[in-house]
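What the coordinates show
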2 protein chains.
Amino acid sequence: MALIRAKDHSPGEDQVSRSGQPESRRALTLRDVSEASGVSEMTVSRVLRNRGDVSDSTRERVLEAAKRLGYVPNKIAGALASQRVNLVAVIVPSLSNLVFPDVLGGISEELEDSGLQPVFGVTNYLADREEAVLYQMLSWRPSGVIVAGLEHTEAASAMLRNAGIPIVEIMDVDGEPIDSVVGISHRRAGLEMARAIVRAGYLRIGFLGTKMPHDYRARKRLEGFEAGLAETGVELADKEFYSGGSALLKGREMTEAILSRTPDLDFLYYSNDMIGAGGLLYCLEKGIDVPGKLGLAGFNGVDLLDGLPRKLATMDACRHEIGRRAAQIVAGRSGSGLIGGEIVELTPVLQLGDTIRNA
Amino acid sequence: MALIRAKDHSPGEDQVSRSGQPESRRALTLRDVSEASGVSEMTVSRVLRNRGDVSDSTRERVLEAAKRLGYVPNKIAGALASQRVNLVAVIVPSLSNLVFPDVLGGISEELEDSGLQPVFGVTNYLADREEAVLYQMLSWRPSGVIVAGLEHTEAASAMLRNAGIPIVEIMDVDGEPIDSVVGISHRRAGLEMARAIVRAGYLRIGFLGTKMPHDYRARKRLEGFEAGLAETGVELADKEFYSGGSALLKGREMTEAILSRTPDLDFLYYSNDMIGAGGLLYCLEKGIDVPGKLGLAGFNGVDLLDGLPRKLATMDACRHEIGRRAAQIVAGRSGSGLIGGEIVELTPVLQLGDTIRNA
DNA sequence: GTGAAAGCGCTAACAG
DNA sequence: CTGTTAGCGCTTTCAC
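Not measured: the values here are computed from a predicted model.

Some remarks on the protein's contact with DNA strand C
Close to DNA strand C lie 25 residues; A:Arg46, A:Thr58, B:Leu30, B:Ser45 and B:Tyr71 are nearest. Counting only the atoms of DNA strand C within 4 Å of the protein, the fraction contributed by sugar and phosphate is 69%. B:Arg49 is positioned such that a nitrogen or oxygen atom in its side chain is 3.2 Å from a phosphate oxygen of DNA strand C. In this structure, a phosphate oxygen belonging to DNA strand C sits 3.4 Å away from a main-chain N or O atom of B:Asn74. Those elements giving two or more residues to the surface near DNA strand C turn out to be α2 (41-49) and α4 (75-82) of chain A together with α2 (41-49) and α4 (75-82) of chain B. Tallied by class, residues from the surface near DNA strand C come to 10 nonpolar, 10 polar and five charged.

Structural notes on the confidence of the model for chain A
Averaged over every residue, the pLDDT of chain A is 91; the share at 70 or more is 93%. Segment residues 1-24 of chain A: pLDDT under 50, and 36 contacts once partners within four positions in sequence are set aside and those in other chains are kept.

Quick word on the relation of the copies chain A and chain B
The pair of chain copies shares a relation made of a rotation about an axis and a shift along it. Least-squares fitting of chain A to chain B yields an RMSD of 0.1 Å, with the transformation described by 0.0 Å of translation along the axis and a rotation of 180°. With respect to symmetry, the two chain copies, as superposed, fit the operation of a two-fold axis. A high fraction, 99%, of the interface residues of chain A reappear at the interface in chain B, so the copies pair face to face through one surface.

Describing the sheet that holds strand β2 (residues 117-122) of chain A
Residues and elements named next belong to chain A. A sheet is described by the order of its strands in space; here six strands give the open sequence β2-β1-β3-β4-β5-β11, paired in parallel fashion. With partners counted over all chains shown, the strands left at the sheet margins are β2 and β11 (343-345), one partner each. Along the sheet, successive strands turn relative to each other by an average axial angle of 15°, direction set aside. Judged from the three bridges that link them, strand β5 (residues 180-184) and β11 form a sheet pairing that is parallel. Note on β11: the bridge partner recorded for Gly183 is Glu345.

Some thoughts on the interface of chain A and chain B
Each side of the interface is counted separately: chain A has 70 residues, and chain B has 70 residues. Interface of chain A and chain B: buried area, both sides summed, is about 6200 Å²; carbon and sulfur atoms make up 62% of it. At the junction of chain A with chain B, the criterion picks out two salt bridges. With a closest N to O distance of 3.9 Å, B:Glu112 and A:Arg129 form a salt bridge. On inspection of chain A and its partner chain B, the count reaches 12 residue pairs in polar contact (both at pLDDT 80 or more). Contributing elements (two or more residues each) for the side of chain A that touches chain B: α4, α5 (99-111), β2, α6 (127-138), α7 (154-162), α10 (247-261), α11 (273-285) and β11 of chain A. Tallied by class, the residues present in the side of chain A that touches chain B amount to 41 nonpolar, 13 polar and 16 charged.

Some remarks on the sheet that holds strand β9 (residues 295-297) of chain A
In any sheet, the strands associate via hydrogen bonds between backbone groups, in a parallel or an antiparallel arrangement. Residue and element names in this part refer to chain A. Read across the sheet, four strands follow the order β7-β6-β8-β9 without closing on themselves; strand pairing throughout is parallel. The sheet is open, and its two borders are formed by β7 (236-242) and β9, each paired with just one other strand. The mean angle between the axes of side-by-side strands here comes to 15°, regardless of whether they run parallel or antiparallel. As judged from the six bridges shared by strand β6 (residues 205-210) and β7, these two strands associate in the parallel manner. In the strand pairing of β7, Gly209 is matched with Phe241. Strand contacts of α10: β6, β7 and β8 (267-270), with the helix running at about 145° to β7, the strand carrying the most contacts.

Quick word on the pattern of salt bridges
All told, the structure shown has 48 salt bridges over all chains when counted by the stated rule. Here A:Glu35 makes a salt bridge to A:Arg31, at a shortest N to O gap of 3.6 Å. Here A:Arg31 and A:Glu35 lie together in helix α1 (residues 30-37), a separation of four residues that amounts to about one turn. Between B:Asp102 and B:Arg319 there is a salt bridge; the shortest N-O distance is 2.7 Å. Of the two residues, B:Asp102 sits in helix α5 (residues 99-111) while B:Arg319 sits in helix α12 (residues 319-330), which places them 217 residues apart along the sequence. Judged by its relative accessible area of 25%, B:Asp102 falls in the partly exposed class. Residues joined by salt bridges that share partners form a network here, namely A:Glu109, A:Glu110, A:Asp113, A:Arg324 and A:Arg333.

Parameters and conventions
- Residues numbered from 1 in each chain as written.
- Chains lettered and ligands numbered in written order.
- Predicted model: local features only at pLDDT ≥ 70, side-chain atom pairs only at ≥ 80, totals over all residues.
- Heavy atoms only, no water.
- Near = heavy atom within 4 Å.
- Polar contact = N/O pair within 3.5 Å; in protein donor to acceptor, adjacent residues only side chain to side chain.
- Helix = DSSP H or I, 4+ residues; strand = E, 2+ residues; numbered from the N terminus.
- Nonpolar A, V, L, I, M, F, W, Y, C, P; charged D, E, K, R; others polar.
- pLDDT = per-residue confidence, 0-100.
- Contact = heavy atoms within 4.5 Å.
- Least-squares fit on C-alpha atoms with pLDDT ≥ 70 in both.
- Pairing = 2+ DSSP bridges.
- Axes fitted to C-alpha atoms, helices over the stretch in contact; angles between N-to-C directions.
- Buried area = accessible area lost by both parts, 1.4 Å probe.
- Salt bridge = Lys/Arg side-chain N within 4 Å of Asp/Glu carboxyl O.
- Buried < 20%, exposed > 50% of the residue type's maximum accessible area, 1.4 Å probe, protein only.

Have a look at this one:
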């Protein structure tokens, strides 16, 4: 299975100085560049950071020496001295959930030319893990934090409150933010989906979703959904939950399960597009009339699924935009004039697709 | 679309000290904990790092004070003093390509209890961007680097060579590694797929893939594939390339295009599973006999697609395992006894699925 | 335009 | 078991 072999290292040669003394290769410092260029450390530092006036000739000599030596500045020392760190901590629950790579993409894009650098941490939907990751990241004294969700442990909330830097909670606006927040109302997303479904004349509605106890946003969507149905006196006819495994496959299995248990359902609302797609494929195979006899809808607006036989009804979660806006706030370019405390609620757009019949 | 409002900040209160002097809130230091606990800075430091012997009573006093104050250690200062940084730089081309989140997952998992922390950077398949990201990351003096691919700019290669830390290039073993490498041979993957296809009796074979000029691995697979066909005198009958857009949709479009241009094709080899899945869906809709009249295969072994109507033939790219192994090497727990220069070639497993007929 | 001195917050090394 | 001293490699500040 795996083949391991030693690389041809000429042993020791790199590790032994001219004088024969063993010495571990020390990383280059400003002093090395200073000596190589005959310019003071201070001026070298100025050149390398483009700060203050330096004569062209000096600048050139320094740059040449730095390049020739292969000098890489030590940001640790720089950060300690200047009390400035160009890092932004970004904490998300998962990377395999298709949602987050999009958000991170928006953040990277926006930060690209801001001089700030995102640093990603993953919590696996575990509050304790979030706390630990946050602690680690804060100990590097970043310039800002972007964190998914409004729910944190006591300790994590306290750290965020006391960090003294911009904090942006993202994805969700249904709750009390610590500082700024950028997201959508998942409650309202569920609510509006419910209204659209009822408006289209469906009545026997089932819900299929994740069992993850800490996916607060999915839960809020379900709450909103039920509230939306209740407006016209409709109640959820059945529910089905899952955890783990391939979402597409789970979508199939759950759909089969719920339909065999409650055969008279005329609509299935899935908590994400992937399981919705699995359900759609299942229904098409079984020859079920979609959306005539059975309507379907998911959530997220995942364009990964664009090539399916039918376009699943969904609601765009504004993932990329959320990333951008959050990054703008941290970078101080949101244009709001506010320092902290920004509330940005984005509005997800309902996409009817081909799986909800026209009212 | 977006609603922005100010948060109710009680202005200034936090920013003004008891004495009425405005002062920006300084982050807590060891000294603060030292004073609050009546223990020397050094001993506080020992307690907080679990180093050296400290009496239980002292430890308790320190821990209590640190917790009460909400002290978060400053790793910048710590790193500068100890010349140790618990960060591992991880550089990948993309997060939207489903492959990389899996790799990152493997890395995170393995590093979890090693005291090391991954820091992710994204290059968008741009060599210059890779160089820039690498420079940024090296300037934080990480304990190791994990980077996707064997192809780098001159400058990037030089930086990696001179960094004096473990470097692990991942995904691909077809080339000259700088230090260690963990991956599969994409050339061989293509070659073996070709053999399997020819063995199954297909003869008029088309290739569909990405146009991305810098996806070296996809290119190597194609080379290997053509070499594999050539062993029995077969040549690729047609090729089709794409870039951008939803892969599933592109897979459909490309399949339609190649089949209308070259209708007598009896096999389509896709450079990744997503476009392969699009092609599969297209063929099923058109009523094409798969795998009887037309065989299909992709690459990656993406389990995201597990719920499709048929299982697409593919080859597992060992993504998760690659991440784990690379992380082990950086953490010094690969068990090989080597210091640097490890070559780990994983063997992807061919999964015939339902889209290659039995030979 | 350039340089010298001081110190960022922590830890290594040693002394007791 | 605990404390003292001396930096880590930069940048700030001030002097020239």
